[in-house]
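Analysis of the macromolecular model
Each chain, letter by letter, is given below.
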Amino acid sequence: MKIGVLGLQGDVREHLRSCEVAGAAPMVVKRPEQISSIDGLIIPGGESTTIGKLLHRFELLEPLGQAVAAGLPLYGTCAGMILMAATVTGDEDARSRLGLMDIVVTRNAYGRQIDSFEADIDVEGFDRSLRAVFIRAPAVESVGTGVEVLARCDGRPVLVRQEHMLASSFHPEMSGDPRVHELFVDMASH
Ligand code: GLN
């Protein structure tokens, strides 16, 4: 199972390691021609406006959007979730985005004072709670009917799935717990 990690910005190395722990063979993806050799792709956290611009500059935005629309499994964490969302509310929209998932998000929604925090969350299908690390995280305001909410924190969805797409507002690569990566590797193997 070959899982690509978009290597334009963000905590790429941690995702590569988490994929390995989850039993996949990870590779860094930076060029459009690499898309055809992966079974799934992870977009790491970082700054969604920057990653969006780089996706455009590296000529990845369109081919990636087409590949995901055609069934390539995609997992976006934090900024990655923002890039996947169909709608970003407020005046902080990242201009170039994939916009493939039927969710509405607000950037930096947890306030500047509490830029980052950790919480133990219950995830559908996991037998014990998961420590989730939130860093200037987006909030999911609403989800479409085809979107499953797999976990919430303070009542808000923080892990969502729509068919072959998975998105989290937290950073699973930072807690040393591979279960969310295992979930994505499992999605990618079907
Ligand atoms: N605040 C960032 C953004 O809006 C996301 C932060 C993150 O990925 N940890 O793009």
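Look up: the structure comes first, before these words.
In this report, we go over the structure that sits alongside the text. Here the residue numbers are simple positions, counted from 1 along each chain's written sequence. With the structure being a predicted model, the display of local features is reserved for residues of pLDDT at least 70 and the display and counting of side-chain atom pairs for 80 or more, all residues being used for whole-chain, interface and lining totals. Calculated side-chain values reflect all of the structure's heavy atoms, with hydrogen atoms and water omitted.

1. A short note on the pairing of strand E6 (residues 101-106)
Walk down a regular strand and you will see the side chains alternate between the two sheet faces. For every residue, the accessible area (1.4 Å probe, protein chains only) is compared with the maximum for its type, and the residue is labelled buried under 20%, exposed over 50%, or partly exposed between those bounds. Elements are defined by DSSP. Helices are runs of H or I of four residues or more, strands are runs of E of two residues or more, and each kind is numbered from the N terminus. For E6, a buried count of 5 out of 6 residues is recorded, marking the element as mostly surrounded by other parts of the structure. The rule for pairing is simple: two strands pair if DSSP sees at least two bridges between them. Where strand E5 (residues 85-89) lies against E6, 4 bridges are found, and the strand directions are parallel. Across the sheet, the residue bridging to valine 88 is valine 105, located in E6. Here 4 bridges tie E6 to strand E9 (residues 139-143), and the two strands are oriented antiparallel to one another.

2. Here we look at the site of the ligand
Every residue lining the ligand is accounted for by Gly45, Gly46, Glu47, Ser48, Cys78, Ala79, Ile82, Arg107, Asn108, Ile135, Arg136 and His171. We define a polar contact as two N or O atoms separated by no more than 3.5 Å, with the added condition that, inside protein, one atom must be a possible hydrogen donor and the other a possible acceptor, whereas residues neighbouring each other in sequence contribute only through side-chain atom pairs. Take arginine 136: an N or O atom from its main chain is 3.1 Å from a nitrogen atom of the ligand. For the ligand, a nitrogen atom lies 2.8 Å from a polar atom in the side chain of histidine 171. Per-residue and other accessible areas follow the Shrake-Rupley method at a 1.4 Å probe size, with only the shown protein chains counted as cover for residues. Protein chains shield 96% of the accessible area of the ligand, which is 300 Å² for the free molecule. Three classes are used: nonpolar for Ala, Val, Leu, Ile, Met, Phe, Trp, Tyr, Cys and Pro, charged for Asp, Glu, Lys and Arg, and polar for all others, with Gly counted as polar. Here the residues of the shell around the ligand are counted per class, giving 4 nonpolar, 5 polar and 3 charged. To be near a molecule or strand, a residue needs just one of its heavy atoms within 4 Å of it.

3. As for the pairing of strand E1 (residues 2-6)
When you tally the buried positions in E1, you get 4 out of 5 residues, the bulk of the element. For E1 and strand E2 (residues 25-29), the ladder comprises 5 bridges, and the chain directions are parallel. Residue pairing across strands places lysine 2 opposite alanine 25, the latter belonging to E2. Crossovers are marked right-handed if the path from the first strand over the helix to the second runs clockwise, as seen with the strands pointing away from the viewer. Read from E1 through helix H1 (residues 12-21) to E2, the crossover connection turns out right-handed.

4. Details of the environment of arginine 131
For arginine 131, the position within the fold is in strand E8 (residues 130-135). Distance in space between the C-alpha atoms of arginine 131 and phenylalanine 170 is 9.6 Å, their sequence separation being 39 residues. Separated by 3.0 Å, the side chains of arginine 131 and aspartate 120 make a polar contact.

Interpretation in functional terms is not warranted from these geometric data alone.
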